[in-house]
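Residue strings, one per chain:
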Amino acid sequence: DAMVIQNPRYQVTQFGKPVTLSCSQTLNHNVMYWYQQKSSQAPKLLFHYYDKDFNNEADTPDNFQSRRPNTSFCFLDIRSPGLGDAAMYLCASREDAKNIQYFGAGTRLSVL
Amino acid sequence: AQSVTQLGSHVSVSEGALVLLRCNYSSSVPPYLFWYVQYPNQGLQLLLKYTTGATLVKGINGFEAEFKKSETSFHLTKPSAHMSDAAEYFCAVSGPTGSYQLTFGKGTKLSVIP
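Residues numbered from 1 in each chain as written. Chains lettered and ligands numbered in written order. Predicted model: local features only at pLDDT ≥ 70, side-chain atom pairs only at ≥ 80, totals over all residues. Heavy atoms only, no water.

K.L.:
Explain the overall build of chain B to me, please; I cannot follow it from the model alone.
P.N.:
Tallying secondary structure elements over chain B gives zero helices and 11 strands in all. Along chain B, helices and strands appear, N-terminal first, in the series β-β-β-β-β-β-β-β-β-β-β. By residue count, 43% of the 114 residues in chain B fall in the buried class. Sequence separation of 24 or more characterises 57% of the internal contacts of chain B that already satisfy a separation of 6 or more. (Helix = DSSP H or I, 4+ residues; strand = E, 2+ residues; numbered from the N terminus. Buried < 20%, exposed > 50% of the residue type's maximum accessible area, 1.4 Å probe, protein only. Contact = heavy atoms within 4.5 Å.)

Structure (structure tokens):
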């Protein structure tokens, strides 16, 4: 059974058109992460939530925002996607005090 | 600061041959070490992890890895490659406390030749 679910699996957007990617987890984990993975590269952490506390990586562009309305759901908003934002976006969750991240299947974003 | 170096962006082995994927890390604190596997257009699946204790760690699908502090290495092995092992493999490190943020290596793509 899927534990970290990302929707949609594939997303196509236009240059400059806002897009939202969603992630939900059924594990009741209090920590959630968003990663960006470009082709043939390692996943790069964008930000994470510890409960409702938002932690932004220093080099995450302002164009990327996130919302976590409740424990189960987390959203990634890209306000004005550029061609360089085309990538796989991975969501992960972790139980507090346990050092294992569980990943979703990812959303592949294309920007036309 | 932590970092991970995976030697070889692409490794090819014959079916039934030994798989060896190399990972070296740098960490100023006792590391937690992980290997993840990623199949095409899929997320990351945890293969195995080292936290403390026994340095030889067994994971899923017949993989294992050995933590060698003196060599700052955590190489992944499997005695006999199967076609289904073809995927990309990522080594990652985190600290023992705090936010447990993962720092990934650049990945090694494993091809298995029939």
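Right, picking up where we left off after that structure.
K.L.:
Explain the overall build of chain A to me, please; I cannot follow it from the model alone.
P.N.:
Across its full length, chain A carries zero helices and 11 strands. Order of helices (α) and strands (β) in chain A, N terminus to C terminus: β-β-β-β-β-β-β-β-β-β-β. Against the globule reference of 13 Å for 112 residues, chain A gives a C-alpha radius of gyration of 13 Å, in line with a compact fold. For chain A, the residues scored as buried account for 49% of the 112 residues in total. (Rg over C-alpha atoms; globule rule 2.2 N^0.38 Å.)

K.L.:
What's the story with the confidence of the model for chain B in this structure? I'm lost.
P.N.:
On average, chain B scores 92 in pLDDT, and the residues at 70 or more come to 96%. At the level of individual helices and strands, chain B shows its lowest average pLDDT in strand β10 (residues 103-104) of chain B, which scores 92, and its highest in strand β8 (residues 73-78) of chain B, which scores 98. (pLDDT = per-residue confidence, 0-100.)

K.L.:
Just checking my understanding: could you explain the state of the cysteines for this structure?
P.N.:
When the sulfur atoms of two cysteines share a covalent bond, that bond is a disulfide. All names here are of chain A. The tally for this structure, following the rule as stated, stands at two disulfides over all chains. Note that C23 is cross-linked by a disulfide to C91, the S-S spacing being 2.0 Å. Every disulfide takes its handedness from the sign of the S-S torsion; for C23 and C91 that torsion is -75°, giving left-handed. Remark: C91 occurs in strand β9 (residues 87-94) and C23 occurs in strand β3 (residues 19-25); sequence separation between them is 68 residues. (Disulfide = S-S within 2.5 Å.)

K.L.:
What exactly am I supposed to notice about the nonpolar core here?
P.N.:
The tendency in soluble globular proteins is for nonpolar side chains to be buried as a group. Residue and element names in this part refer to chain B. The biggest cluster of nonpolar side chains holds 26 residues, and the ones touching the most others in it are W35, L48, L76 and Y89. Put simply, the parts of the chain that give this core at least two residues each are β2 (10-14), β3 (19-26), β4 (32-38), β5 (44-50), β7 (64-68), β8, β9 (87-94) and β11 (108-113). If we ignore the near neighbours within four places in the chain, the residues touching L48 are L33, F34, W35, V57, K58, G59, F63, E64, A65, F74 and L76. (Core = buried A, V, L, I, M, F, W, Y, C linked by side-chain atoms within 4.5 Å.)

K.L.:
Honestly, the pairing of β9 of chain B in this entry has me stumped. Any pointers?
P.N.:
The side chains of a regular strand alternate between the sheet's two faces. All names here are of chain B. Burial runs high along β9: eight of the eight residues are buried. Both faces of β9 are covered, namely the face carrying A87, Y89, C91 and V93 and the face carrying E88, F90, A92 and S94. The pairing of β4 with β9 spans seven bridges and is antiparallel. Residue L33 lies in a different strand from β9, and its bridge partner there is V93. The sheet contact formed by β9 and β11 spans three bridges and is antiparallel. Residue A87 lies in a different strand from β11, and its bridge partner there is L110. (Pairing = 2+ DSSP bridges.)

K.L.:
Mind showing me how you'd approach the pairing of β8 of chain B here?
P.N.:
All names here are of chain B. In terms of residue burial, β8 counts as a mostly covered element, since five of its six residues are buried. Of the pairings in the sheet, the one linking β3 to β8 comprises four bridges and is antiparallel in character. When the sheet's bridge partners are listed, N24 is paired in β8 with S73. Relative to β8, β7 runs antiparallel, the two being bridged by five bridges. When the sheet's bridge partners are listed, K68 is paired in β8 with S73. As consecutive antiparallel partners, β7 and β8 are separated by four residues, and within that stretch T72 has a phi angle of approximately 45°, a positive value.

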